Every structure is written in C-alpha cells, then in structure tokens.
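Listed here are the chains, written in short residue letters.
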Amino acid sequence: MSERKPTATAVFPYPGIPTSSDGSGAVSWVETHISHGACAYPITSSTTMGASYQMEVSNGKKNLWGDTLSFVQAESEHSAASTCEGFALAGGRVTNFTSGQGLVLMKEVLYTISGKRLPIVFHIGARALTSQSLNVHCGHDDVMSVADTGWAITFARNAQEIGDLALICRRAAETSETPFMNVQDGFLTTHTVENLRLPETEMMKEYVGDPNERIRCLFDPRNPIMSGVVQNQDAYMKGKIAQRAFYDRVPAAIQEAMDKFHEMTGRRYSMIDGYMMEDAEYAIVGMGGMMETAAATVDFIRAKYGLKVGILHVTCFAPFPATQLVEALRHVKAFTVVERMDNPLAQSNPLVQGIKAAFADALTGIQFGSNGEFKYPAITSIPRIYACCAGLGSRDVRAGHFIALYDNMRSAQPRQFSVVGVKHALALPESEDPDIRPEGAFSMRGHSVGGFGSVTTNKLIASFVGELFNLNVQAYPKYGSEKKGLPTTYYLTVAHEHIRTHSELDHVEFIPLNDVNAFNLGNPLDGIAHGGSVFIQSPSLEAADVWKAIPAYGRKLIRTKKLRVYYLDTVKIAREIATDPDLVQRMQGVVLVGIFIKVTPFAGRSGMGEDQVLGAVEKYIRKYFGKRGEHVVEENLRCVKQGLKDVREIPAETIAAPDSGKDEIPSEALVFAR
C-alpha cells in the first residue's frame, strides 16, 4: 500500500524513470512504445489517453521495434471495438481507451474478442453509468456490467500502478491468449498528477517482446482460415467449453507476469494486496484508489486507538482470486467490502458476492478451478461479512468514512449493508474525519472558475515542484460537466512521502482565491492551517481596499489564525501579455505559478536561484502549451514572471487594525474578470 519503488537493499536492472504524470499519461507512455496501433472513440474520462496516443501518431512515432503507430477513430465505441478485433486478427498488438456507456456499448464485441482468443488490452477510465441521471465521474458499474464477457480485469490504485499493470496485462494476455481490461478510476486516477517511475524503453522491449513474434496472425492469406463461423447444436457447446483450456492458464500467466515484473523493476504486484493484515481483527476490502485512503486511515487508527485493523486491495478481479481472499481474510472477526456501485436486486454487489461464494466453498470443502486445482485453506467458520457502497459518481471517500466502517463492525448491532458519504437511512454515523496526510505535508485548495486555466496551472505546479525540489506531489481538480464558467475547486499536496489520500482536502496551508466570489458561496477559508496563506485576485492596488472587501467573517478568521494575505490583478496581467484574445482567460490562471513560487516555502528552502526555478517552470510550460506555438510559451512564461514579481502582501498592521465599519467595498467588487 506504500509507493511502489524498487527495494532499497536490492539492485534491479530497471528501477524506472522518475517523473510526474497522471494515470492517462502513464498508460499512453506504455502503449505508444509497445503497441502497433489503437482504435478508439473519445469518451470522458478516457479521452486524454486516446488524445495522447493520437498525437504521437501525428508526429510519426514508431514503436520499439520500428513499426509506425496507427490510430483509428471509429464512429462509435462499438465500431472501435470491432476495429480492434480485426486489427488483432491480423496479428497486430492493439489497444483501446474507453469508459462508462462506451464500454457497455462494446459488450457484444467483447464476447467475440475473447472467444477468438485475441490478446488485446483495453484501458478503462472507470465511470458511473447513466441511471437516474448522467454522471461522467468514477464508478465501477461500467466494468462490472461487462465482467461476464471472458476478459481478465485488473484494478489500479494510482498512476504508478496503472502504468505498471499496462505492461503486466499485456504480457499475461499474450501468454494466455486472453484479452485484459486494465482499470483505473475515472478522473480520480486518469487525471490526477502524481510521482511515478515510468518503465524504461529497454525494460518494455525485453518484458513484453516483439509483437510480430508473439501474436498469431489469423488473417494470413498464406494460411486462410474461417473465424466467427456459425455453430449449431452439434458444435457450439464444444467450442464454448473448449475455451476453459485457455482460461485455466490465465492465473498462472498473471502470476508469472507479476513475478517477472518484480524481478526486473523491484515493484511487487499480486492478485490481492494486503496492508496490516498479519494481525488484523477487522478489515476493509475494495478496489481502486480509495483503498490508498483506507491504508492511510489504518495507520491513523492503529496509532491513535491501538486497534488491529487492516485492508485488502483486490488487484485482479478476473480471474477471481478466490483462494487467496479466503487465506487472507479467514483469521479476522469481520470485514466490510466497499464497492463503487450498487445493484440492489442482486444477492450482493459483485465483489462481496464473489467473496461470500469463496468462503461458502471453502467451508463445505469444495475446491476452486475447472479441475479443483486451487485449494482453499481449511476453515471451520466464516467471518462476519458486511457490505458498503461508497464513492458512486466520484462522491468523496474520506478517512472518516473508513473509521465509521470499522466502528460499525465493532458495534453491538452492526449494519449489514451501509452507505457512506451521503445522508440516508442506510448511512453510517461519522465520529471524526482526521488529517491523514503524510507528516509535514503542504496542501493547497484553490477556488476558481471553470475555463480560467486553473486545472492546467495546478498540474504545471505539481510537475515542476515534484521534479525541481525532489518531493512527492498529487494534483487533482474537481472536474464536472457543468464547470465551464462556474465555480470549481482544485487541490495540490506536496510531501516528502508518497501521498495516499485520494480525497478532497479539508486541511490546507495555502488557499488561492482566483474566484473571490467564493466568499459569497460559503467559507472558502475553511480548514486552513494556523499561519497559512491566502491569495486574492483583486483589481485594487491598495492593500486597505482589498482588506475591506473581505467579508467580516473572513477578516475575523484571518486575524484569529494569523494568516498572511496576498493579492494581485492576474486578469490585468493576462490582458496585457496575451496576444491571442482567446487565451486571456486561461493565462490569468498561469500567473498563479509565479505567486505560488513567491508565497510557498519550497523555493526558499531549496536555496535555488530564481533563474533555476523558472527554468524548471519553462520546461513544463512547453509540455502543456508547446503545441500552441513558441509565442504562447513565451507569453505564459512572462505571466509567471510577472506574478512572481508583482504579487503584494497586505501588511500585518492593516490586518490588525480595528474595522471601522464604514466605507467598505462590497465583496462583489472583487468578482473575477470584470
């Protein structure tokens, strides 16, 4: 459950290239090096994976064996899956990127891909399906809706894992001639920038091998065959049951791929991954990014209360790790299975249903596998098994929710099925919501408006801070289909350790208010640390005017917590510098980079000069804006320099002076971009 780095005491030939990226970038790095091509149709939140691949194709990139990459954008996800099928039948190593309804639309084709034993790897940005409403955010119901199609399915918790599993899935798929889905949480992983180690090109080339040698071409004109023929009563069942000969090889293929990956990189993967399970009396079981938050919560509970609690992440959902789950969980008194979906008409939701069945088999002495080749440990009783729904549609999943689940298991009358994160009759009460960030962490929560460039700015800051100061970073924006032109929030955490908290930040040290109308929408300073800093976008040049424009409750909080308050007119800077009117709005967000350098402690602590820091910033400005031309790069860099140079601080004596109550500027006077 910690950051997957090579073991310090061992020497591995390919420890990885340290950098920062989101989950989409990690997948794109792998696939643009090892595949022949991609066939995809854009759908949120997988679009950025396909866009990155398509850009490399436009640049004429070749894979590691000299084959020019190709990209086909079909007219629908169903057509994209069919194109992948044809690509693989012709002996090509192909991939796809999809999500939500797009994955469901493919379902008919997914059966035929597995039935023809085509070792394709699809990358899924898991997303809630449209039900009572449309949602483009994280849920696992899209993946579970196609879990019966004969594909192996793996789940990653962060950007490091999704990139590594992209390789592991590919090797296992081609060894077992079985297609794989490599799943990450939509937006929560696909769009969250973190530290990771990208696999070296030499490692990838050695690990997955030349696709021209590993994949069978079933459309070879020199050896013509028929594929997908009609089979009637005399033949269909023969062909279907014969598939088990392939599926029986999949568990061993996955384990071999994981073992070989560890041998080469030092990063260990297993079909399940336990944390603090050796002596655990209570456990939480789940899949995806929220299980890293659960791991950090376990550390808090053990340190503060001394309770023996643990968690178990299911990395491989299919093939189902039945015997491993029973072995890992049989000693606990109770465990709760948390899932990002809900199917009330089923016996249980998919993961808890599979675990219950595994324990029932183990208790009755039945073995697992086509030939009973996987032996359950001998058990005489089954732990209490509870179920919970959390994080549907990217609903925030916090430390307090996991504490509530542990409290529920230990209560006199536990709720057998529960929900967390919403107000409902089934919801568990929350006793506390602690700060579980790494010790010494520094966090920023920004309040802005969709379309003001803050999301890209946040990623840019995370990228250069992580690389330049050798720190761990995590940058996440609160995306939404309705955010354009409306208030939005973005988050950044910087720490010396791997950051495991995949949740919105209530404990922060710096709050930039690009949209100061946030003062009228609630308390934007909630959760700020004593002695923290605030930046306010303001057209005013006088500190006293900026101070008076802050509502009374805000001024009181600033005084009480002894906050430092900075201000600048970023809109004016962007208007003066941007030569393209369409980029003015976005460039005002980039000014914050310079303000961040000035206000936060990282540059000062490092002892680096301003030129060295700005050099790192320029590198990532080119990464994010280089495709727009050199003049855009230069203008963005000028915005950063101007923010660093011109940002001002409200003097302590102005803050300390008693309020007159007269002639105060209304807070609406500070509304952005007037």
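The structure this text deals with has already been given above.
Note that the structure is a prediction, hence the values are computed from the model and not measured. (Residues numbered from 1 in each chain as written. Predicted model: local features only at pLDDT ≥ 70, side-chain atom pairs only at ≥ 80, totals over all residues. Heavy atoms only, no water.)

**Describing the sheet that holds strand S6 (residues 152-155)**
Read across the open sheet, the 7 strands follow the order S3-S2-S4-S5-S7-S6-S12; overall the sheet is mixed. A strand with exactly one partner marks an edge of an open sheet, and here the two such strands are strand S3 (70-73) and strand S12 (316-318). Strand after strand, the sheet turns through a mean of 20° between neighbouring axes, direction not considered. Pairing between S6 and strand S7 (residues 180-185): 4 bridges, direction parallel. Following the sheet pairing, alanine 152 is matched in S7 by phenylalanine 180. The sheet contacts of helix H7 (residues 159-176) involve strand S4 (94-98), strand S5 (121-126), S6 and S7, and relative to S7 the element is tilted by about 165°. (Pairing = 2+ DSSP bridges. Helix = DSSP H or I, 4+ residues; strand = E, 2+ residues; numbered from the N terminus. Axes fitted to C-alpha atoms, helices over the stretch in contact; angles between N-to-C directions. Contact = heavy atoms within 4.5 Å.)

**What to know about helix H23 (residues 610-625)**
Between its terminal C-alpha atoms H23 stretches 22 Å, which fits the 22 Å expected from 16 residues at 1.5 Å a residue. Those residues of H23 that fall on the buried side of the exposure criterion are Val613, Leu614, Ala616, Val617, Tyr620, Ile621 and Phe625. When H23 is viewed along its axis, its buried side chains cluster within an angular range of 155° and face the same direction. On the buried face of H23, the contacting elements are strand S1 (17-21), helix H17 (454-468), helix H21 (584-599), helix H22 (602-606) and helix H24 (630-646). (Expected span 1.5 Å × (residues − 1). Buried < 20%, exposed > 50% of the residue type's maximum accessible area, 1.4 Å probe, protein only. Arc of directions from axis to C-beta.)

**Section: the pattern of salt bridges**
Under the definition given, this model contains 38 salt bridges. The salt bridge partner of arginine 171 is glutamate 256, with a shortest N-O separation of 2.7 Å. Of this pair, arginine 171 sits in helix H7 while glutamate 256 sits in helix H12 (residues 250-265); the two residues are 85 residues apart in sequence, bridging distant segments of the chain. Look at glutamate 256 and you get partly exposed, because its relative accessible area is 33%. Where aspartate 259 meets arginine 268, a salt bridge forms, and the shortest distance between an N and an O atom there is 3.2 Å. Judged by relative accessible area, aspartate 259 falls into the partly exposed class, the value being 34%. Linked through salt bridges whose partners overlap, the residues forming this network are Asp396, Arg398, Asp433 and Asp506. (Salt bridge = Lys/Arg side-chain N within 4 Å of Asp/Glu carboxyl O.)

**Some remarks on empty space enclosed by the protein**
Taken as a whole and assessed by the stated rule, the structure comprises 4 cavities of 30 Å³ or more. Quantified by volume, the largest cavity comes out at close to 110 Å³. If you go around the largest cavity, you meet 13 residues; those closest to its centre are Arg398, Pro434, Ile436, Ser503 and Glu504. A breakdown of the residues in the lining of the largest cavity according to their chemical character gives 4 nonpolar, 3 polar and 6 charged. (1 Å grid on protein atoms, 1.4 Å probe; cavity = no way out; pocket = protein on both sides within 12 Å on 5 of 7 lines; lining within 4 Å. Points joined across faces, edges and corners; volume = space filled by probe spheres on them. Nonpolar A, V, L, I, M, F, W, Y, C, P; charged D, E, K, R; others polar.)

**Looking at the nonpolar core**
Counting residues in hydrophobic clusters, the biggest one holds 54 residues, and the most contacted among them are Phe122, Leu329, Phe335 and Ile355. Considering each element in turn, this core owes the most residues, 6 residues, to helix H15 (residues 350-364). Once you skip the residues sitting within four places of it in the chain, leucine 329 turns out to touch Met277, Ala283, Val285, Leu312, Phe335, Ile355, Phe359 and Pro383. Counting 51 residues, the second-largest nonpolar core is a separate cluster that includes Leu468, Ala574, Leu583 and Ala616. (Core = buried A, V, L, I, M, F, W, Y, C linked by side-chain atoms within 4.5 Å.)

**A closer look at the pairing of S4**
The element S4 is extensively covered by neighbouring structure, given that 5 of its 5 residues are classed as buried. Of the two faces of S4, the one holding Val94, Asn96 and Thr98 and the one holding Thr95 and Phe97 are both buried throughout. Relative to S4, strand S2 (residues 37-40) runs parallel, the two being bridged by 2 bridges. Its bridge partner lying in S4, glycine 37 is registered against valine 94.

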